[in-house]
Amino acid sequence: MAREFTRVGVVGLGTMGAGIVEVFARNGVDVTAVEISDGALERGRATLTGSTDRAVAKGKLAEAERDALLARVDFRVGLDALHDVDLVIEAVPEHLDLKQRIFAELDRVCKPEAILATNTSSLSVTEISVATTRPNQVIGIHFFNPAPVMKLVEVVRTVVTSADVVADVEALCERLGKVDVTISDRAGFIANALLFGYLNHAVGMFEARYATREDIDAAMKLGCGLPMGPLALMDLIGLDTAYEILDTMYRRGGRDRRHAPAPLLKQMVTAGLLGRKSGRGFYTYERPGSPKVVPDEYTPLAADAALADGARAIAKVGVVGSGTMATGIIEVFAKAGYEVVSVTRGAEKSAKVCEAVKTSLNKGVVRGKLSETDRDDALGRITWSATLEHLADVDLVVEAVIEELSVKKALFASLDEICKPGVVLATTTSSLPVIDVAMATQRPADVVGLHFFNPAPIMPLVEIVQTIRTSAETSATARAVCAKLGKTGVVCGDRSGFIVNALLFPYLNDAVKMLEASYSTADDIDYAMKLGCGYPMGPFELLDVVGLDVSLAIQRELYLELREPGFAPAPLLEHLVTAGYLGRKTGRGFRDHTRR
Ligand SMILES: NC(=O)c1ccc[n+]([C@@H]2O[C@H](COP(=O)([O-])OP(=O)(O)OC[C@H]3O[C@@H](n4cnc5c(N)ncnc54)[C@H](O)[C@@H]3O)[C@@H](O)[C@H]2O)c1
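Residues numbered from 1 in each chain as written. Predicted model: local features only at pLDDT ≥ 70, side-chain atom pairs only at ≥ 80, totals over all residues. Heavy atoms only, no water.

Draft legend 1. How the structure looks around the site of the ligand. The environment of the ligand is made up of 24 residues, and the closest members are Met16, Glu35, Glu94, Lys99 and Ser121. Here an oxygen atom of the ligand and a backbone polar atom of Met16 are 2.8 Å apart. One nitrogen or oxygen atom from the side chain of Lys99 is found 2.6 Å from an oxygen atom belonging to the ligand. In the complex, the protein chains occlude 88% of the 840 Å² of accessible area that the ligand would expose alone. Elements with a minimum of two residues in the shell around the ligand: α1 (15-26), α4 (96-109) and β6 (138-143). Considering only residue class, the shell around the ligand consists of 11 nonpolar, nine polar and four charged. (Near = heavy atom within 4 Å. Polar contact = N/O pair within 3.5 Å; in protein donor to acceptor, adjacent residues only side chain to side chain. Areas by Shrake-Rupley, 256 points an atom, 1.4 Å probe, with all protein chains shown as cover. Helix = DSSP H or I, 4+ residues; strand = E, 2+ residues; numbered from the N terminus. Nonpolar A, V, L, I, M, F, W, Y, C, P; charged D, E, K, R; others polar.)

Draft legend 2. Main features of the pairing of strand β18 (residues 488-493). Sheet topology note: the strand β17 (residues 461-466)/β18 ladder contains six bridges and is parallel. Among the inter-strand pairings, Val462 is bridged to a residue of β18, identified as Gly489. Note that the unit made of β17, helix α18 (residues 472-485) and β18 has a crossover that is right-handed. (Pairing = 2+ DSSP bridges. Right-handed = clockwise from strand over helix to strand, strands pointing away.)

Draft legend 3. Broad picture of the pairing of strand β2 (residues 30-35). Counting buried residues in β2 gives five out of six residues, a clear majority hidden from the surface. As paired strands, strand β1 (residues 7-11) and β2 are joined by five bridges and run parallel to one another. Of the residues in β2, the one forming a bridge with Gly9 is Thr32. With α1 bridging β1 and the parallel β2, this β-α-β connection has right-handed handedness. The sheet contact formed by β2 and strand β3 (residues 73-77) spans five bridges and is parallel. Bridge assignment links Glu35 to a residue of β3, and that residue is Val77. (Buried < 20%, exposed > 50% of the residue type's maximum accessible area, 1.4 Å probe, protein only.)

Draft legend 4. Focus on a positive patch on the surface. A grouping of Arg54, Lys58, Lys60 and Arg287 is seen on the molecular surface, where their side chains present a positively charged patch. For Lys60, the location among the structural elements is in the loop between α2 (38-57) and α3 (63-71). Given the relative accessible area of 63%, Lys60 is considered exposed. (Patch = residues over 30% accessible without salt bridge, like charges linked within 9 Å, V, L, I, M, F, W, Y side chains within 5 Å. Salt bridge = Lys/Arg side-chain N within 4 Å of Asp/Glu carboxyl O. Lys, Arg positive; Asp, Glu negative; His and termini not counted. Charge placed at Lys NZ, Arg CZ, Asp CG, Glu CD.)

Draft legend 5. A look at the packing of helix α8 (residues 213-224) against helix α19 (residues 500-516). Interhelical geometry of α8 versus α19 gives an angle of 65° and a closest axis separation of 9 Å. Note on packing geometry: the crossing formed by α8 with α19 is right-handed. In this structure, α8 contributes Ile216, Ala219, Met220 and Cys224 to the contact, and α19 contributes Val500, Leu503 and Leu504. Classifying every residue of the contact of α8 with α19 gives seven nonpolar, no polar and no charged. (Axes fitted to C-alpha atoms, helices over the stretch in contact; angles between N-to-C directions. Left-handed = near helix turned anticlockwise from the far one by under 90°. Contact = heavy atoms within 4.5 Å.)

Draft legend 6. Structural view of the pattern of salt bridges. As enumerated under the stated definition, the model contains 37 salt bridges in all. For Asp53, the salt bridge is made with Arg66, and the minimal N-O distance between the two is 2.9 Å. Placement of the pair is Asp53 in helix α2 and Arg66 in helix α3, with a sequence separation of 13 residues. On the basis of relative accessible area, Asp53 is assigned to the partly exposed category, the value being 38%. Here the salt bridges share partners, and the residues they tie into one network are Asp53, Glu63, Arg66 and Asp67.

Draft legend 7. Geometry of the side chain of Glu94. Tracing the backbone through its elements, the reader meets Glu94 in the loop between β4 (87-90) and α4. At 3.1 Å, the side chain of Glu94 and the backbone nitrogen of Ser121 are in polar contact. The contact partners of Glu94, leaving out residues within four places of it in the chain, are Lys99, Thr120, Ser121, Ser122, Leu123, Glu244 and Ile245.

See below:
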C-alpha cells in the first residue's frame, strides 16, 4: 500500500515553489507553504493567486475550485510550521550550503517518518541528504517550469534512498497527474543535462552578436517547433537560477566548457536582470513576473522600415537544381508571385521536377489551401530549362544543387559569367561556408546564404547567412524576399550549422552520449524532453526521422570547424551509421521501425 500524503510542505515560493504549491493544492492535498520573510510570503501568495485567477479567466478552473484550492494552502514564515507534514519539497535558490542548512533544520523539525525532497536542478541530492540523519528518506522530486503545466517529474534516487520512498513518491506523482522518470543522482539529471548546454550556447551566440535575440529565438521555434526560443526560456527559468545550474553542472559534470556560464549571464545577474521575475532579462517585460514582452531599445524597427532599407527589386528568380529542396523552393517562389526559371541538368530531370511541383500544388488544391486558378497561375510562372544561360536576366538565383563544395564553386563561377550585374546569388547550403562559394565569383558582395528547411513549402523559417563580404543591400534584399515568400528570415553569420543546426545537433549528440553511458533509456530521454520541455519530438525520435548519417555528418562538420571537444560525435552514433542503421529510411535507427 502506497503511503498517504495528506499534508505536504513546500519551502521557498519563488518561480518553482509557488507552482509546486498549486500542483498539490489542485489535486486535493493540503499544503503548508513556507517562506523566509513576510514580504517573500506575500510575493508567493500573489504568484499563486495570480496563476489561479488566470486559470479562472481562461475557463480552466471554476471559481469555487479556485477558492477551495487556495483554502488548502496555509502560508507561514519559518520552517517550524512543517512539524506535521508527510513530505516536504524544498525549492529555495540553487546553493548547496543553503539547501544543506535547510535540510538539517527540516530533519530536526519534521516527523521522523516524513520524506524530505529537493527540487534541485543540478546539485547532488546525495550531498544534500547527508545533512540529515535520515538520508534514506531524502529524494529529488524535480518539477519543470511552469510546474502546473509541464507533465514531467524527474524522481532522483540516491544510492541510499529506500525503495519504499521511491515507490511512494512515484505513486504520488501519478496522483498529481504527472509522468515520472526515475533516475540516479547525476548533474542535470536527464532534461537539464541536455538542455543547458544548448541554452548556454544560445547565450554565447547572442553575446558574440552572431544573431539578434529575436532571430535566435525565432530560429529554434520555427526551425524545430520548440515552444519557446532559448533566450525567452532563460528569462522564464530566471538568469540567477540558470547561472547556478550551469555553474554546478560545469563543476559536477566533468568541467565541460559548454557548461561554463557565458560571461554575459554573470553580468546580467549582477545587474539585477534576472528575467521575467525581475521584469527584465534578455527581453523587457510589462512588469516583474509578467509574461508579456514590451518593446525596448533592442527591439527591431517595424519590419517594413527595415526592409525598405536598400533592398533591390526582384521579379524574376532562377532556381538551380532538381532535388527535394530545389523542387520545394521553385514552388514557394512561384506561389508567391515570382517569375521562376528552373534550371536542371537535362530535360528528363526538368520533367521530373515539373511533375513533382504539379503534384504538390495539386495536393494544396485538394486540401483547400490553394484555388485551381492560383495553382495554374503558379505553374504558368515557371519556365523549365536545362541551360544556365537562361539565367542571364534573372534578379536572384537560388542554388540548391548537391552539397559538394567543388560543384557549388564551379556553378557560382559560371553564374558570375552569365548573370547580369546587380543580381543576388544565393546558396541553400546547410553545411558549407558561404564565403567559399562567394569567392568563386568576382562579386562576393552579392552572395548570400538562403537556408530553407525541408519541406520548403511548409517550413516557415529561412536562415539568411551573411558572409563578411555580403553587402547590406544584398542582405536587405534577402530579407525582403523572405517576407514576400511569407517566411520568417533570420539573419546570422557564416558559421558551421548557422543558428538551428549549431544549436540542435550537439543536443542530439549529447542525448546519444547519455544513452551510451546507460544513464537512462531512449524512451525515458524522449519523454523527458517532450513532457519536461514541451519539445514536439524526443531526441531519438528526431534522429530517426532526420537520418543518423545526416546527423553524424552535421555533427562532424560542427566539430571540425569549432573544435569544441564536447561536439565530438558520440561513438554510438558512428557505430549505428556504420552498421547501416540510419533511422526510419532504413527501417532501423535507435528504434526498430519494422515492428511498429
Ligand atoms: N526556475 C526553474 O525553471 C527551475 C525548474 C526546476 C527546478 N528549479 C530548481 O528549483 C529551486 C528553486 O528555484 P527558483 O527558480 O524557484 O528560485 P527563485 O529564486 O525564484 O525562488 C526561491 C525562493 O526561495 C525563497 N527562500 C530563500 N531562502 C529561503 C529559506 N531559508 N526558507 C524559505 N524560503 C527561502 C526565496 O525567498 C525565493 O522566493 C532551485 O533548486 C532550482 O534549481 C528551478
